[in-house]
Amino acid sequence: MDLTLHVWRQDGPNDKGRFETLPAKDISEHMSFLEMLDLVNEQLIDQGKEPIAFDHDCREGICGTCGLMINGVPHGPLSLTTACQIHMRHLEGATEIWVEPWRATAFPVIKDLVVDRSAMDRIIEAGGYVSVRTGAAQDANATPIKKIDADMAMDAAICIGCGACVAACPNASAMLFTSAKVGHLGFLPQGQPERYERVLNMVQVHDDEGFGNCTNHGACQNACPKGISVDFISRLNRDLVKATLTYKPYEITAV
Amino acid sequence: MELNAKIPSGPIDQHWTNHQFEMKLVNPANKRKYNVIVIGSGLAGAGAAATMGELGYNVRVYTYNDSARRAHSIAAQGGINAAKNYQNDGDSIFRLFYDTVKGGDFRSRESNVYRLAEVSLNIIDQAVAQGVPFAREYGGLLANRSFGGAQVSRTFYARGQTGQQLLLGCYQALQKQVHAGNVKVFSRHEMMDVVVVDGVAKGVVVRDLVSGRIYSDTADAVVLATGGYSNVFYLSTNAKGCNVTAAWRAHRKGAGFANPCFTQIHPTCIPPSGEEQSKLTLMSESLRNDGRIWVPAKEGDTRAAADIPEGERDYYLERFYPSFGNLSPRDISSRRAKEMVDSGHGVGEMRNGVYLDFADAINRLGEGAIRERYGNLFAMYEKITGEDPYKVPMRIYPAPHYTMGGLWVDYNLQTTVPGLFATGEANFSDHGANRLGASALMQGMADGYFVMPLCIGDWLARVNPGDTPTDHPACKDAEREVKEKMDALLAVGGKTSVDTFHRRLGKVMWDYCGMSRDADGLKSAISQIKEIRDEYWQDVRVLGNGESFNQSLEKAGRVADFMEFAEVMCYDALSRDESCGAHYRVEHVDEEGEAKRDDENFAYSAVWEFKGVGEEPALHKEPLTFENVPLSTRSYK
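Quick caveat, the model's predicted, so the values are computed rather than measured.

### Concerning the overall build of chain A
Part 1 of the argument: In terms of helices and strands, chain A carries eight helices and seven strands.
Part 2 of the argument: Taken over the C-alpha atoms alone, chain A extends approximately 75 × 40 × 35 Å along its principal axes.
Part 3 of the argument: In chain A, buried positions account for 58% of the 255 residues.
Part 4 of the argument: Partitioning the intrachain contacts of chain A with sequence separation of at least 6 by distance along the chain shows that 68% fall at a separation of at least 24.
Part 5 of the argument: Taken as a whole, chain A presents about 10400 Å² of accessible surface, with 51% of it coming from carbon and sulfur.

What follows is the structure in structure tokens.
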């Protein structure tokens, strides 16, 4: 395959950035998309030009590090796939490829295609956990959990925190990400004691970090490489409404 | 170098209990005076950091990833072992201990392994309490499956993403502590060196990968939870960022490196598809529960799998090992696959794999059941190869995966440098010469949650908190050295990229220090490594500067360390003139081609002491005794 790449280059968060057009020749269809970028980088190094910076690590679709807009689509043309799992055969017929970073106010660009996603860590920090002390747990089989509940929790828990949902959303909302954690823990008995406090705090931080509101476009679900359903957002909203109306922190009721 | 393993006295099932009582404690009010640095945020790092934060210590975590949640523990697929005996199939702490010692081919320390088996029970409890959505049966109780090297079902799993779910549990516990103010996480920071003052570890030098700033952080203890070094082979199942730098820098500062040649080659990975291959993808070993491994019986048979009649297929693992069959341990399965490919029975376009066939299981259980068990793995396979494993057999081949070797630690997980600890894959302690499947997660979590947080107290109770300021001369010296190395790499101005050198190094290691080894090959590897290293420092091309985000420079530093480390790996493989577990010296095999151990001469852990770059390291030995699992020849027939 012979391709023309248009790659976003940006020196830092304050640089304006621009597209750079680069040829990519003799690309094997067996190569992964990132291996194609590796090859282009090798050629750039050969020419004494700085290689394209892009985030990646496991290259098997689980760490969530990679994140690229490929021809305007988060993680490229294949559904249920991360950028690192795209192989060139999946782009057959393409001659021009546009590669861009995630674009969202809450994800400032560090360099080229690399963005800062630490805002997502701070959403988890606000309540995306069960408070349990190490060593204080009861026997693992003491509380049976219905298989359907465990499976639903898992369907949400498989979120890899890549940020594609944010990149896909016209509002740059991270609601799918947030709802996946709220849903994961909300389906399990272990998550119940902190359920309503959790949703209030996580949504608060979500908004404070500059992510937009969810207006039910559903683009996030299409972009999600793990197929997380927008149903979890509905569930989050129900929890949020209930929490807003009824949750009273630290109130002691006299009996 | 003194190697005192500090194994507690008494019967082995009392070691940990007694030791916990004997350890010194830090009183709750004093805990906040102590600072602990943790490098790495995988199970062994995040678990330790979260738990130590919870105990009241001030913890700072450094990770090269952009978030603690991305550490490579996340990629573990198949499961985690625990001796819960929920299946009533005769499992026990002792059996898990026994299987692990035997699986490690009698090159691990009994006492550490026993503790691992013991705390395996707590790990599952802990993970469930955190909300890890393990697979369950319809009755609501936890499901189990079996794994290579064991005849009981003791593996807990969360679809094919067990590592991810366990790590997210750890990560969430960590974020909770960040929120509470007990832990600070510095992402996109790489540890570049250890600060040692009067022989005691007092801190680290880190580089902020975004700004390029190099600076010191000091503390009362340093924990390295920095994973393994399989990327010395360039192509491995490890994430691209995995590296040996932290462990190697510690080694250069005096920490003994144990059994570096014990590297595990995983039998079920997707074979490479071409020259530009950048990493190898593992297909969980759990697939071997339902898949049958075979090759065409006829050499050079190029027919499609479906066209080869049953009678012309060689199910070689079932043939060689009737009782373990397709679930034979990793080292054995890997070697047999290599033999098959080397002898012309390989399959696929490049003839570089063997089949893992699910046709029988699909006929027996239905496609739905197989989809339920392995759906995501099958999807992953199809994405990479473009082939549908429900219809045609998977192609698999061994690839470097896990490193049993690592920094030598005593029973307290302390290295030979006081105050410097190593947990998880970064240490050498539990898996001997071969690791059984579903045991890496177990060790990471055992060390992280249950061992390190207690043992650290015993050390801290003996030191004066906060006695080393960050402008201490030892910090300044270490910072200067790091800076000089970065500048030197940028100054070479050669013609060849870092990756090109890394590939070359990897090929030498794979050819001579990979699945099978011999003395001549290893000697040749040592001289080739020296040549590549010399060339590297004359011809590497690293563009950009050190004062900004520069991924080439990051890689260049890591590859430079791999080039020094590779040599000690070969020295270790050369000096261990026996075969054991994953270390297969072609000079030492029995009539049936199995590894032949030499317990008389090699029942020890080889611990190497750094003597300078390019100098032969000094060998020290920790003798191993087996009082509870009698030395025997491993047999899986």
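Alright, that's what it looks like, and here's the rest.
### Here's the deal with the overall build of chain B
Part 1 of the argument: Within chain B one finds 17 helices and 19 strands.
Part 2 of the argument: A compact globule built from 637 residues would reach a C-alpha radius of gyration of about 26 Å, and chain B, at 24 Å, matches this within 12%.
Part 3 of the argument: Taken over the C-alpha atoms alone, chain B extends approximately 75 × 60 × 50 Å along its principal axes.
Part 4 of the argument: Within chain B, buried positions represent 66% of all 637 residues.
Part 5 of the argument: Considering only intrachain contacts with a sequence separation of at least 6, the fraction spanning at least 24 residues in chain B is 74%.
Part 6 of the argument: Positive and negative charge centroids in chain B, built from 71 and 82 side chains respectively, lie 4 Å apart.

### Considering the interface of chain B and chain A
Part 1 of the argument: Of the residues lining the interface, 74 residues belong to chain B; the matching set on chain A comes to 77 residues.
Part 2 of the argument: Interface area for chain B against chain A, summed over the two sides, is near 6300 Å², with a carbon-plus-sulfur share of 50%.
Part 3 of the argument: Taken as a group, B:Arg70, B:Arg136 and B:Lys383 account for 11% of the area that chain B buries against chain A, more than any other trio of residues on that side.
Part 4 of the argument: For the salt bridge of B:Glu372 with A:Lys147, the shortest nitrogen-to-oxygen distance reads 3.1 Å.
Part 5 of the argument: Inspection of the region where chain B meets chain A yields 48 residue pairs in polar contact (both at pLDDT 80 or more).
Part 6 of the argument: Secondary-structure elements contributing two or more residues to the side of chain B that touches chain A are α3 (43-55), α5 (110-130), α6 (162-180), α11 (367-385), α12 (440-460), α14 (498-513) and α16 (551-575) of chain B.
Part 7 of the argument: Here the element with the most residues in the side of chain B that touches chain A is α6(B); it accounts for nine residues.
Part 8 of the argument: In terms of residue class, the side of chain B that touches chain A is made up of 26 nonpolar, 28 polar and 20 charged.

### Looking at the nonpolar core
In summary, soluble globular proteins display a tendency toward joint burial of nonpolar side chains.
Residues and elements named next belong to chain B.
Part 1 of the argument: The biggest cluster of nonpolar side chains holds 207 residues, and the ones touching the most others in it are Ile80, Phe134, Ile456, Leu460, Met509 and Tyr536.
Part 2 of the argument: Element by element, the count of residues in this core is highest for α16, at 13 residues.
Part 3 of the argument: Of all hydrophobic cores here, the second largest spans 33 residues; its members include Ile265, Phe324, Met340 and Met515.

### Brief notes about the packing of aromatic side chains
Residues and elements named next belong to chain B.
Part 1 of the argument: All told, the structure shown has 30 aromatic pairs over all chains when counted by the stated rule.
Part 2 of the argument: On the basis of an interplanar angle of 80 degrees and a centroid distance of 5.4 Å, the ring pair of Phe106 and Phe626 is categorised as edge-to-face. Pair noted here: Phe106 is in the loop between α4 (93-103) and α5 and Phe626 is in the segment after β19 (618-623), with a separation of 520 residues, a long-range link.
Part 3 of the argument: Among the aromatic side chains, those forming a connected cluster through ring pairs are Tyr229, Trp248, Phe257, Phe565 and Phe610.
Part 4 of the argument: It is Arg145 that lies over the ring of Tyr157; its NZ or CZ is 3.7 Å from the centre.
Part 5 of the argument: If you follow Arg213 out to its NZ or CZ, it ends over the ring of Tyr215, 3.9 Å from the centre.

### Considerations on α12(B)
Part 1 of the argument: Taking the largest bend as the criterion, α12(B) deviates by roughly 50 degrees, centred on B:Val451, and proline B:Pro453 comes between one and four positions later.
Part 2 of the argument: Of all 21 residues in α12(B), 19 are buried; the element is thus mostly enclosed.

### So, the domain arrangement of chain B
Residue and element names in this part refer to chain B.
Part 1 of the argument: Domain parsing of chain B yields domain 1 (266-400) and domain 2 (473-604).
Part 2 of the argument: Placing the centre of domain 1 and that of domain 2 at their C-alpha centroids yields a distance of 30 Å.
Part 3 of the argument: Facing 13 residues of domain 1, the contacting portion of domain 2 comprises 10 residues.
Part 4 of the argument: When domain 1 packs against domain 2, close to 870 Å² is buried across both sides, 51% of that on carbon and sulfur atoms.
Part 5 of the argument: Among the salt bridges present, the one from Arg336 reaches Glu594, with a minimum N-O distance of 3.1 Å.
Part 6 of the argument: There are five residue pairs in polar contact (both at pLDDT 80 or more) connecting domain 1 and domain 2.

### Observations concerning the sheet that holds strand β15 (residues 394-403) of chain B
All names here are of chain B.
Part 1 of the argument: Pairing is antiparallel in the open sheet, where five strands are placed in the order β11-β15-β14-β12-β13. Pairing within the sheet leaves two strands with one partner each, and these edge strands are β11 (263-269) and β13 (313-314).
Part 2 of the argument: Sheet topology places strand β12 (residues 292-296) next to strand β14 (residues 354-357); three bridges connect them, and they run antiparallel. Note that in β14 the partner of Arg292 across the bridge is Asp357.

### Points about helix α3 (residues 147-157) of chain A
Every α-helical turn comprises 3.6 residues, leaving residues that sit three or four positions apart pointing alike.
Part 1 of the argument: Restricting attention to buried positions, one finds in α3(A) the residues A:Lys147, A:Ala150, A:Ala153, A:Met154, A:Ala156 and A:Ala157.
Part 2 of the argument: Looking at the buried positions of α3(A), the neighbouring elements they touch are α5 (175-186) and α8 (231-246) of chain A together with α6 and α11 of chain B.

### Overview of unusual backbone geometry
Part 1 of the argument: In this structure, A:Arg59 is a non-glycine residue whose phi angle is positive, near 55 degrees.
Part 2 of the argument: Counting through the fold element by element, A:Arg59 comes out in the loop between α1 (33-46) and β3 (69-70).
Part 3 of the argument: The phi dihedral of B:Arg351 falls on the positive side, at around 50 degrees, and the residue is not glycine.
Part 4 of the argument: Counting through the fold element by element, B:Arg351 comes out in the loop between α9 (330-345) and β14.

### A word on the pattern of salt bridges
Part 1 of the argument: Tallied over the full model, the rule gives 67 salt bridges over all chains.
Part 2 of the argument: Of the charged contacts, one joins A:Lys147 and A:Asp151 as a salt bridge, the two residues approaching to 3.1 Å between their closest N and O atoms. One end of the pair, A:Lys147, and the other, A:Asp151, are both in helix α3, four residues apart, so they sit about a helical turn from each other.
Part 3 of the argument: Of the residues examined, A:Lys147 reaches a relative accessible area of 10% and is grouped as buried.
Part 4 of the argument: For the salt bridge of B:Arg597 with B:Asp105, the shortest nitrogen-to-oxygen distance reads 2.7 Å. One end of the pair, B:Arg597, is in the loop between α16 and α17 (599-602); the other, B:Asp105, is in the loop between α4 and α5, and 492 residues separate them in sequence.
Part 5 of the argument: Exposure remark for B:Asp105: the relative accessible area of 3% places this residue in the buried category.

Conventions used here
Residues numbered from 1 in each chain as written. Chains lettered and ligands numbered in written order. Predicted model: local features only at pLDDT ≥ 70, side-chain atom pairs only at ≥ 80, totals over all residues. Heavy atoms only, no water. Helix = DSSP H or I, 4+ residues; strand = E, 2+ residues; numbered from the N terminus. Buried < 20%, exposed > 50% of the residue type's maximum accessible area, 1.4 Å probe, protein only. Contact = heavy atoms within 4.5 Å. Areas by Shrake-Rupley, 256 points an atom, 1.4 Å probe, with all protein chains shown as cover. Rg over C-alpha atoms; globule rule 2.2 N^0.38 Å. Lys, Arg positive; Asp, Glu negative; His and termini not counted. Charge placed at Lys NZ, Arg CZ, Asp CG, Glu CD. Buried area = accessible area lost by both parts, 1.4 Å probe. Salt bridge = Lys/Arg side-chain N within 4 Å of Asp/Glu carboxyl O. Polar contact = N/O pair within 3.5 Å; in protein donor to acceptor, adjacent residues only side chain to side chain. Nonpolar A, V, L, I, M, F, W, Y, C, P; charged D, E, K, R; others polar. Core = buried A, V, L, I, M, F, W, Y, C linked by side-chain atoms within 4.5 Å. Phe/Tyr/Trp six-rings, centres within 6.5 Å; stacked < 30°, edge-to-face > 60°. Lys NZ or Arg CZ within 6 Å of the ring centre and 35° of its normal. Bend = angle between axes of the 7 residues up to and from the residue. Domains from an automatic or database assignment. Pairing = 2+ DSSP bridges.

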